[in-house]
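# Commentary on secondary and tertiary structure
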Amino acid sequence: DEHEKLVTQKKLSELEQMAFRSQMNPHFIFNCLNSIQQYIFSKSVIDANRFITGFSSLIRQTLDLSSKKFITLEEEMKYLTTYLKLEHTRFEENFEYEVTAETDLPLDQLFLPPLLLQPFVENAIRHGIRNMEKGIGHLSIKFYLEENYLIAVVMDNGIGIDASLK
């Protein structure tokens, strides 16, 4: 029956989405652990402890949020800010960032799938900002409502995808 197929397809899509969300980029985790190791080797115990605290907070948030079908915009913004703070430290503060929302509605009344934007933000940093030869990187994430839709815009001043591929 057609209805059962749709229900089954919806469940399959939800499971695929959950599997995708529950995975944190192994490359990112490896790089974070390397950064911790570098702090330890440079005998900067305070910096290592700060980084470990931020990293553990990000992992905890990832695990908590990935189990949900939807999270509030407030939770997503907090998650992205935690992620960006960690990357900012890891890349020796060579970029600035902001996460903002322009809406009259309370952020805890707007919902979206969890961890949706982190891969896009990671790509902006890894392929755009990190490869800049001069100047400081700028990354902004802005949320706003347009009609009945929550719009998210990730903007950076990085070198662009074509230059990054070279």
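Structure: see above.
Residues numbered from 1 in each chain as written. Predicted model: local features only at pLDDT ≥ 70, side-chain atom pairs only at ≥ 80, totals over all residues. Heavy atoms only, no water.

## Digging into the packing of helix 4 (residues 73-90) against helix 5 (residues 118-129)
Just so we agree on the cut-off: Each axis is a line fitted through C-alpha atoms, taken for helices only over the stretch in contact, and angles between the N-to-C directions span 0 to 180 degrees. Numbering of helices and strands starts at the N terminus; helices are DSSP runs of H or I of at least 4 residues and strands are runs of E of at least 2. Angles are sorted into four bins: roughly parallel if under 35 degrees, roughly antiparallel if over 145, roughly perpendicular if 65 to 115, and oblique for all others. Note on convention: near helix rotated counterclockwise from far helix by under a right angle means a left-handed crossing. Clockwise means right-handed. A contact between two residues is defined here by any heavy atoms of the two lying within 4.5 Å. Gly falls in the polar group here, along with every residue not listed as nonpolar (Ala, Val, Leu, Ile, Met, Phe, Trp, Tyr, Cys, Pro) or charged (Asp, Glu, Lys, Arg).
Where helix 4 meets helix 5, the closest approach of the two axes is 11 Å, and the angle between their N-to-C directions is 25°. Considering their axes alone, helix 4 and helix 5 lie roughly parallel with respect to each other. Handedness of the helix 4/helix 5 crossing: right-handed. For the pair helix 4 and helix 5, contact is made by Y79, L80, Y83, L84 and E87 and by Q118, V121, E122 and I125, respectively. Looking at the contact of helix 4 with helix 5 residue by residue, the classes come out as six nonpolar, one polar and two charged.

## Focus on the nonpolar core
Put simply, the test is: What makes a nonpolar core is a set of buried Ala, Val, Leu, Ile, Met, Phe, Trp, Tyr and Cys residues whose side-chain atoms join them at distances within 4.5 Å. For every residue, the accessible area (1.4 Å probe, protein chains only) is compared with the maximum for its type, and the residue is labelled buried under 20%, exposed over 50%, or partly exposed between those bounds.
Counting residues in each nonpolar core, the largest one holds 32 residues, and the members touching the most others are L84, V121, I125, I141 and F143. Secondary structure elements with two or more residues in this core: helix 2 (26-41), helix 3 (45-66), helix 4, strand 2 (95-102), helix 5 and strand 4 (137-146). Residue contributions to this core peak at seven residues, all from helix 4. Beyond its immediate chain neighbours, meaning those up to four positions away, L84 contacts F95, Y97, V99, V121, I125, L139 and I141.

## Considerations on the pairing of strand 5 (residues 149-156)
The line we're drawing: Strands are treated as partners if at least two bridges between them are detected by DSSP.
In the sheet, strand 4 pairs with strand 5 via eight bridges, with the strands oriented antiparallel. Opposite I141, over in strand 5, you have V154 as the bridge partner. In this antiparallel pair of consecutive strands, strand 4 and strand 5, the connection spans two residues, and E147 shows a positive phi of 55°.

## So, the pattern of salt bridges
Under the convention used in this document: The salt bridge criterion pairs a side-chain nitrogen of Lys or Arg with a carboxyl oxygen of Asp or Glu, the two atoms within 4 Å.
Within the structure shown, the criterion is met by four salt bridges. Between R50 and D47 there is a salt bridge, and its shortest N-O distance comes to 3.2 Å. Residue R50 and its partner D47 are both found in helix 3; the two are separated by three residues, about one turn of the helix. Of the residues examined, D47 reaches a relative accessible area of 32% and is grouped as partly exposed. With its nearest N and O atoms 2.6 Å apart, the salt bridge here joins R126 to E122. Of the two residues, R126 and E122 both sit in helix 5, four residues apart, roughly one turn of that helix.

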